[in-house]
Amino acid sequence: MSRHHNVRHYPGAGLVTAVFFLWLYAPIAVVIWFSFNENRLVSVWTGFSTKWYTAALSNDALLDALRVSLIVALTATVVATLVALSAAMVLSRNPDMRFRRLSETVVNLPLLLPEIVVAVASLILFSQIGFSNGMARLIVAHSAFCTPFAFLPIRARLQGMSRDYEEAAKDLYAAPFTAFRRVTLPLILPGVFAGAMLAFVISMDDFITSNMLNTGGTTTLPVYIFGLIKRGTTPELNAISTLLILASLVLALLALGLSARWMRRG
Amino acid sequence: MRGFRVWGLVPAWSLMLGTLMVPLIIVAMVSVADRGTYGGFDWAFNLLSYREILFSEDWDGNLAFDPKYLGIIGRTLLLATATTAICMILSLPVAYVIATRSPRMKALLIYLVTLPFWVSMIVRVYAWLIILGNDGIVGRFWHWIGGEGTLLFTPGAMLVGMVYSYIPLMVLPVFAAIEKLDPALLEAGADLYASRWTTARRVILPLTWPGLAAGAVLVFVPALGTVLEPMLLGGGKQMMMGTLIQTQFGGGRNWPFGAAVALVLLAMVVIVLVLNARRAMHRETRA
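Rules used in this analysis
- Residues numbered from 1 in each chain as written.
- Chains lettered and ligands numbered in written order.
- Predicted model: local features only at pLDDT ≥ 70, side-chain atom pairs only at ≥ 80, totals over all residues.
- Heavy atoms only, no water.
- Helix = DSSP H or I, 4+ residues; strand = E, 2+ residues; numbered from the N terminus.
- Buried < 20%, exposed > 50% of the residue type's maximum accessible area, 1.4 Å probe, protein only.
- Contact = heavy atoms within 4.5 Å.
- Areas by Shrake-Rupley, 256 points an atom, 1.4 Å probe, with all protein chains shown as cover.
- Axes fitted to C-alpha atoms, helices over the stretch in contact; angles between N-to-C directions.
- Parallel < 35°, antiparallel > 145°, perpendicular 65-115°, else oblique.
- Left-handed = near helix turned anticlockwise from the far one by under 90°.
- Nonpolar A, V, L, I, M, F, W, Y, C, P; charged D, E, K, R; others polar.
- Polar contact = N/O pair within 3.5 Å; in protein donor to acceptor, adjacent residues only side chain to side chain.
- UniProt positions renumbered as here; feature names shortened; annotations may be inferred.
- Salt bridge = Lys/Arg side-chain N within 4 Å of Asp/Glu carboxyl O.
- Core = buried A, V, L, I, M, F, W, Y, C linked by side-chain atoms within 4.5 Å.
- Phe/Tyr/Trp six-rings, centres within 6.5 Å; stacked < 30°, edge-to-face > 60°.

Asker: Looking at this structure, I do not really get the overall build of chain B. What am I missing?
Answerer: Each helix and strand counted, chain B has 14 helices and 4 strands in total. Oriented by its inertia axes, the alpha-carbon framework of chain B measures out at about 75 × 70 × 35 Å. Buried positions account for 48% of the 287 residues belonging to chain B. Intrachain contacts of chain B at a sequence separation of at least 6 include 63% that bridge at least 24 residues. Here chain B has roughly 14000 Å² of accessible surface; of this, 68% comes from carbon and sulfur atoms.

As structure tokens, this is what we get:
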């Protein structure tokens, strides 16, 4: 059959798709490209240099922001993953329990509500009850909106896996927690890792909530970057952005790769 | 495991109750409170903050209709709708092309659609700030073809940034819908002498509609509350509801008014979600 008669072929669609992918990656490429520009001006290329990376990595304010971001993201990831794992276990093993759909909606609530509204709500609550520890405020808020991102891959894995192994463990008189620790957990571990990594990336990248709850001493990396952007574009900003892009991409690739791998294994 | 059935859900429920549900009730209470003298608020019950969205009060206490904030709400709805529409139109050919590739290629392309979504939002918006700026690639091209002024700080710049930020959320559900299409239906269309475009309009589009609708909700909801695009690409001059809320919570600003606008935004989102749930239920009962 000639291409002309192929009913599934739409002329122009291929071109649109090619342009689409170019458009999707060009902005990221531009940021990375100009991070190696020797010139002070972002968009005027005068030569190759890595001096902006040296400048970025010796910038104390930046390293402080990175430290805050890492502490918040690591803690929030652990909390969110544990909360999500526990909820996913209950919800996938009791399909006919009461309030199952409601509970599932509640776990995914941060995905349904606009982040700015939730950020305002957290700010008002925290200031009302006198919860003033900046770092702890960030950790609590981040744990909440990271939970659905940890929940979804774990839940998908639990639903996809055969329950024969768990039944076998039960038949062999394993206590419920032993069965979970020795049988279920090892089987769903890739899902747990994938969920944790997505939660970590989401926390590291967050701007709206972190900015709303910012109290001077707890400036996260995206909030610091926002401050820099407000002062004008510089190649150092591109160098910082490039490092953040690489970190996000590596983690996302790992997480998506992990979930794709046992999607295939089924 | 009977006991675990309840206890396993306690952490999730407490976290969401404590950081979302209870705080939202407090936001509702603050929206009817009095504005505090030095920022913050004093408990009260009045609808002054909601009145302020529509009317302004002069020094003599006369109320006059003031479309200032309605304009911001209108701009928000307009930009979110335009973002959703552009994402829908763009995702159809893209998702179709991806869905008709080999399994390996399909997996790779879907990967490539998803990846930029994990790159920090602020970095992605910053990239457009460089590109659209007067020295940027697109900015220079604009001047080269005789365009005047700067592309930045316009609704168009915000629209580009928003479509860029949210398009993966549209491509994925549309792809899922197209992938489920039975190729035999397309062949049948051709056998009945339908042109490609008639088949697209009468067969592909109706069957892809659930995917488009799902994607529309996924894009429209975050687009309504978007903050970074208006702040950076709109330069603060082109306010949207997200930035209007944000500016009310700095020191000495108007918390009750910010809470009222936040609730209006929340109500708009809830309306969209309820309509979507009803549509999904309607489809289930029909099927």
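Asker: Which parts of the structure should I look at to understand the packing of helix 6 (residues 121–132) of chain B against helix 8 (residues 155–166) of chain B?
Answerer: Helix packing geometry: the angle between the two helix axes and the distance between the axes. Residue and element names in this part refer to chain B. Where helix 6 contacts helix 8, the two axes come as close as 10 Å, and the packing angle between them is 140 degrees. Our classification of the angle between helix 6 and helix 8 gives oblique. For helix 6 against helix 8, the interelement crossing comes out right-handed. Taking contact as the criterion, the partners of M121, R124, V125, W128 and L132 in helix 6 are, on helix 8, A157, V160, Y164, S165 and Y166. Among the residues making up the contact of helix 6 with helix 8, the classes are represented as 8 nonpolar, 1 polar and 1 charged.

Asker: Whenever I open this one, the side chain of T218(A) confuses me. Can you help?
Answerer: Residue and element names in this part refer to chain A. Checked against the element boundaries, T218 lands in the loop between helix 10 (208–212) and helix 11 (221–231). The buried category is assigned to T218, whose relative accessible area is 7%. Of note is the side chain of T218, whose polar atom sits 3.2 Å from the side chain of T215. Ignoring sequence-local partners within four residues, the contact set of T218 consists of V68, G134, M135, L138 and L213.

Asker: Teacher, can you tell me more about the UniProt feature "domain: ABC transmembrane type-1" (unreviewed entry) in chain A here?
Answerer: The positions that UniProt labels "domain: ABC transmembrane type-1" (unreviewed entry) are, in the present scheme, residues 66–255 of chain A. Between the first and last C-alpha atoms of residues 66–255 of chain A the distance is 22 Å; the span itself is 82% helix and 0% strand.

Asker: Honestly, the pattern of salt bridges in this entry has me stumped. Any pointers?
Answerer: A side chain of one charge can pair with a side chain of the opposite charge if their charged atoms are brought near each other. Summed over the entire model, instances satisfying the criterion amount to 6 salt bridges over all chains. Linking R100(A) and E104(A) is a salt bridge whose minimum nitrogen-to-oxygen distance equals 3.3 Å. One end of the pair, R100(A), and the other, E104(A), are both in helix 4 (residues 100–107), 4 residues apart, so they sit about a helical turn from each other. A residue is classified by how much of its surface remains accessible, and R100(A), at 22% relative accessible area, is partly exposed. E104(A) sits in the buried class, given a relative accessible area of 19%. One salt bridge connects R51(B) with E57(B), and the closest N-O pair in it is separated by 3.3 Å.

Asker: So what exactly am I meant to see when it comes to the UniProt feature "transmembrane region" (unreviewed entry) in chain A here?
Answerer: Residue and element names in this part refer to chain A. As annotated by UniProt and renumbered to match this structure, "transmembrane region" (unreviewed entry) occupies residues 12–36, 68–91, 111–129, 183–204 and 239–260. With 84% helix and 0% strand, residues 111–129 has end C-alpha atoms that lie 25 Å from one another. Between the C-alpha atoms that bound residues 183–204 there is a distance of 32 Å. The span itself is 100% helix and 0% strand.

Asker: What exactly am I supposed to notice about the nonpolar core here?
Answerer: Within soluble globular proteins, side chains that are nonpolar tend to cluster in buried spots. Membership of the largest hydrophobic core comes to 170 residues, with the highest contact counts inside it found for I124(A), I98(B) and I122(B). In contact with I122(B), not counting residues within four places along its chain, are F207(A), P222(A), I225(A), F226(A), I229(A), L228(B) and L232(B).

Asker: It is not clear to me how the packing of aromatic side chains should be interpreted in this structure. Could you clarify?
Answerer: For any pair of aromatic rings, the description rests on two quantities: the centre-to-centre distance and the angle between the ring planes. Throughout the structure, instances matching the rule amount to 21 aromatic pairs over all chains. Geometrically, the ring pair formed by F20(A) and W23(A) is tilted, given 6.0 Å between the ring centres and 45 degrees between the ring planes. Separated by 3 residues within a single helix, F20(A) and W23(A) lie in helix 1 (residues 13–34), roughly one turn from each other. Taken together, a centroid distance of 6.4 Å and an interplanar angle of 80 degrees make the contact between F149(A) and W118(B) edge-to-face. With F149(A) in helix 7 (residues 134–160) and W118(B) in helix 5 (residues 103–118), this pair bridges two chains.

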